[in-house]
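# Tertiary structure, described
Read off the chains here:
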2 protein chains.
Amino acid sequence: MTTPKGIATRRRIVEAAAAEIRERGTIVTTLDDVCRRSGTGKSQLFHYFPEGREQLLLAVTEFEAERVLDDQHPYLHELTSRTAWEAWRDVIVERCRNQGPHCPLGVLIADVGRYGPAARAVTTQLIRRWQDAVRDGIEATQAAGEADPSLDADRMAAAVVTTIQGGVSVLLSTGSADHLEVALNLCLDHLLVADVRHGQR
Amino acid sequence: MTTPKGIATRRRIVEAAAAEIRERGTIVTTLDDVCRRSGTGKSQLFHYFPEGREQLLLAVTEFEAERVLDDQHPYLHELTSRTAWEAWRDVIVERCRNQGPHCPLGVLIADVGRYGPAARAVTTQLIRRWQDAVRDGIEATQAAGEADPSLDADRMAAAVVTTIQGGVSVLLSTGSADHLEVALNLCLDHLLVADVRHGQR
DNA sequence: GCAAAAATGGACCCGCAAGTACAGTTCGAT
DNA sequence: ATCGAACTGTACTTGCGGGTCCATTTTTGC
């Protein structure tokens, strides 16, 4: 049905679209932009995405969701100590600060995820998967005795994910990642068992 | 320059646009939709908003921001006791749950606030004002001895606002307000001095 | 009452971007 | 080598939505 060449082309289209959307936003990204950037024509685009724009957007959503999870994977799988959590926080904050409004995650949730129910399903699943990974981390940390054992891990994970979402949301509105940092710190303070340092920052 | 009648018309236009946007989203709301709903024609619209769509969007942003703050005002100004905080939380959660994706706040931040720097400035200011109000509440609660006095009120307020944002953001993606509730609960747990009940919910 | 300004109705224009048609080319299996 | 399927290029159509024009009606200040 599809040759390697076809697969490669399709992939190029999705990547181009994802990049374009990340850099300039969903609304302003046109199919011609995508074609230009991927070095293809509309005929290819509609060949691989017969349903047109919406279908492409969905593919981009899935692509970016995978990217986000892959990106987080190495950190999420060693969340067992306070230092690991703080390192993770630093990565997130620093990445958001650098990428600003081009953060894939932000674009994904706040932008792409609202183009039809299919895309929403993908983002919902992304949140779920992410939350699961965080939950595992919390449980591991509790097992290691570094986190408050009385906390419900899944609820705490939900709160963490929500907090990140909020930080990104504020980032998109104000351009500053400070809220993200502050709110995440608060989460960690609440999660990790109190030790010497209990002031801010 | 403008007669009462004109003011009324302008107002109708803004309200119609706001409603349309709340219900169906910014991108899909067309000027003709607004005209139809407000019972006016394009000529009026461009009479009152010579700069066109963008100017209207800005007016809507300001309008909705004011609505949100007015809506919150009665609750925000008596945040002094644990019960008051919990009542406030309930109002927010319940309101979001009912309105679902039509929550003005959510649309405002995640949707409208991204159409041009002017609108973004308005949402930024909204966040700032809201955060200030929450901060006042936190300080009052601390003074009343019901909140952890070692917390930096402004930072805590930032975290609270961020959390709400996140909850709304997740709501828009998944349609569920559960994350909002869980995350807000966690915030309150962290803010209010520990008492008898320390489990979840 | 009456000019001037404000308000309104509705037809019109125009550009853009999504989507289509179709012809031509490359590939891959036999 | 060849035939059919997969792939690609280009030119086109079309609908929609932002924005304009102007003629007409209403309101306001005096």
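Note that the coordinates shown come from a computational prediction; the quantities given were computed from them, not determined experimentally.

Once that is clear, we can look at the protein's contact with DNA strand D. Inspection of the region around DNA strand D gives 22 residues, with Thr3(A), Ser43(A), Gln44(A), Leu31(B) and Arg53(B) positioned closest. Interatomic distance of 2.8 Å between a backbone N/O atom of Leu31(B) and a phosphate oxygen of DNA strand D. Separating a base oxygen of DNA strand D from a side-chain N or O atom of Lys42(B) is a distance of 3.2 Å. Looking at the surface near DNA strand D, the elements that each hand over two or more residues are α1 (4-24) and α3 (42-48) of chain A together with α1 (4-24), α2 (31-38) and α3 (42-48) of chain B. With four residues, the single largest contributor to the surface near DNA strand D is α3(A).

Two copies of one chain are present, and they are related through a rotation about an axis combined with an axial shift. Superposing chain A onto chain B takes a rotation of 179° combined with a translation of 0.1 Å along the rotation axis, leaving an RMSD of 0.3 Å. The two molecules are tied by a two-fold rotation axis, judged by turn and shift. Using C-alpha coordinates, one finds that chain A approaches the rotation axis most closely at Gly166(A), a distance of 1.5 Å. Most of the interface of chain A is mirrored in chain B: 100% of its interface residues are interface residues there too.

Another aspect to go through is the pattern of salt bridges. The full count for this structure, using the stated rule, is 40 salt bridges over all chains. One salt bridge connects Arg36(B) with Asp33(B), and the closest N-O pair in it is separated by 3.2 Å. Pair noted here: Arg36(B) and Asp33(B) are both in helix α2, with a separation of three residues, about one helical turn. You can call Asp33(B) buried: its relative accessible area is 10%. Residue Arg89(B) is joined to Asp90(B) by a salt bridge in which the shortest nitrogen-to-oxygen separation is 3.0 Å. On the basis of relative accessibility, which here comes to 15%, the residue Arg89(B) falls in the buried class. The network of salt bridges with common partners includes Glu20(A), Glu23(A), Arg24(A), Asp33(A), Arg36(A) and Arg37(A).

Here is what the cut-offs are and how they apply
Residues numbered from 1 in each chain as written. Chains lettered and ligands numbered in written order. Predicted model: local features only at pLDDT ≥ 70, side-chain atom pairs only at ≥ 80, totals over all residues. Heavy atoms only, no water. Near = heavy atom within 4 Å. Polar contact = N/O pair within 3.5 Å; in protein donor to acceptor, adjacent residues only side chain to side chain. Helix = DSSP H or I, 4+ residues; strand = E, 2+ residues; numbered from the N terminus. Least-squares fit on C-alpha atoms with pLDDT ≥ 70 in both. Contact = heavy atoms within 4.5 Å. Salt bridge = Lys/Arg side-chain N within 4 Å of Asp/Glu carboxyl O. Buried < 20%, exposed > 50% of the residue type's maximum accessible area, 1.4 Å probe, protein only.

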